[in-house]
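Each chain, written out:
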Amino acid sequence: MAKYLAQIIVMGVQVVGRAFARALRQEFAASRAAADARGRAGHQSAAASNLSGLSLQEAQQILNVSKLSREEIQKNFDHLFKVNDKSVGGSFYLQSKVVRAKERLEEELKIQAQDENERGQQPKT
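What counts, and where the lines are drawn
Residues numbered from 1 in each chain as written. Predicted model: local features only at pLDDT ≥ 70, side-chain atom pairs only at ≥ 80, totals over all residues. Heavy atoms only, no water. UniProt positions renumbered as here; feature names shortened; annotations may be inferred. Helix = DSSP H or I, 4+ residues; strand = E, 2+ residues; numbered from the N terminus. Buried < 20%, exposed > 50% of the residue type's maximum accessible area, 1.4 Å probe, protein only. Contact = heavy atoms within 4.5 Å. Areas by Shrake-Rupley, 256 points an atom, 1.4 Å probe, with all protein chains shown as cover. Phe/Tyr/Trp six-rings, centres within 6.5 Å; stacked < 30°, edge-to-face > 60°. Lys NZ or Arg CZ within 6 Å of the ring centre and 35° of its normal. Patch = residues over 30% accessible without salt bridge, like charges linked within 9 Å, V, L, I, M, F, W, Y side chains within 5 Å. Salt bridge = Lys/Arg side-chain N within 4 Å of Asp/Glu carboxyl O. Axes fitted to C-alpha atoms, helices over the stretch in contact; angles between N-to-C directions. Parallel < 35°, antiparallel > 145°, perpendicular 65-115°, else oblique. Left-handed = near helix turned anticlockwise from the far one by under 90°. Nonpolar A, V, L, I, M, F, W, Y, C, P; charged D, E, K, R; others polar. Expected span 1.5 Å × (residues − 1). Core = buried A, V, L, I, M, F, W, Y, C linked by side-chain atoms within 4.5 Å.

The name recorded for the protein in an unreviewed UniProt entry is Mitochondria-associated granulocyte macrophage CSF-signaling molecule, from Phascolarctos cinereus. Recorded under Function (unreviewed entry), the UniProt text for the protein is reproduced unchanged: "Regulates ATP-dependent protein translocation into the mitochondrial matrix. Inhibits DNAJC19 stimulation of HSPA9/Mortalin ATPase activity." Looking at the protein in UniProt, the text filed under Sequence similarities (unreviewed entry) is "Belongs to the TIM16/PAM16 family."

Structure, rendered in structure tokens:
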């Protein structure tokens, strides 16, 4: 009886160990893919995401903008900021998210403008 119990325990440990190893490999692959995606997006953009705490996609979703246009960002920001004002029953938390999203999108616009300026100043060969 003890022999069978020991065999069951050993088999259970082996199954759990294999599952853990497989999950660990999958996590490493996902982490590597995410790092590659961040690398393609540009180092400045990744740094801006780290500083603001929001990714570009999150900021676009919060302000409901599909493309980066100063006018659309400002229009949606003004509306969402007023709607979430605490004096009209809004949420300070949501209002701060709207502000952070606007800051993140403005930072992305600055990065794009810098990239365009650098491309324009490079000599053509």
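What follows continues from the structure just given.
**Brief notes about the overall build of the protein**
Helix and strand counts for the protein come out as five helices and zero strands. Burial analysis of the protein (125 residues in total) assigns 18% to the buried set. In the protein, 55% of the contacts between residues at least 6 apart in sequence involve partners at least 24 apart. Total accessible area on the protein stands at roughly 9,800 Å², and carbon and sulfur atoms take up 56% of it.

**Comments concerning the packing of aromatic side chains**
For the structure on display, the rule yields one aromatic pair. Above the ring of Phe77, the side-chain terminus of Lys102 is found at 4.7 Å from the ring centroid.

**A look at a nonpolar patch on the surface**
Together, Leu5, Ile9 and Val13 give the surface a local cluster of nonpolar side chains, amounting to about 300 Å² of exposed area. Take Leu5: it is sitting in helix H1 (residues 2–41).

**What to know about the packing of helix H3 (residues 56–63) against helix H5 (residues 92–121)**
Where H3 meets H5, the axes come as close as 9 Å, and the angle between the chain directions of the two elements is 125°. Here H3 lies oblique to H5, going by the angle between them. Our pair here, H3 against H5, has a crossing hand that is left-handed. Each of Leu56, Ala59, Gln60, Ile62 and Leu63 in H3 lies in contact with H5, whose residues at this interface are Lys97, Val98, Ala101, Lys102, Arg104, Leu105 and Glu108. In terms of residue class, the contact of H3 with H5 is made up of seven nonpolar, one polar and four charged.

**A closer look at H5**
Its 30 residues give H5 an end-to-end C-alpha distance of 43 Å, which sits within 8% of 44 Å, the value for a rise of 1.5 Å per residue. For H5, every residue scored as buried is listed here: Gln95, Val98, Ala101, Lys102, Arg104, Leu105, Glu108, Leu109 and Ile111.

**A closer look at the nonpolar core**
Core analysis: the biggest nonpolar cluster contains 11 residues, these being Leu54, Leu56, Ala59, Leu63, Val65, Ile73, Phe77, Val98, Ala101, Leu105 and Leu109. Here this core gets four residues from one element, more than from any other, and that element is H5. When sequence neighbours within four positions are dropped, the list of residues in contact with Ala59 reads Ala101, Arg104 and Leu105.

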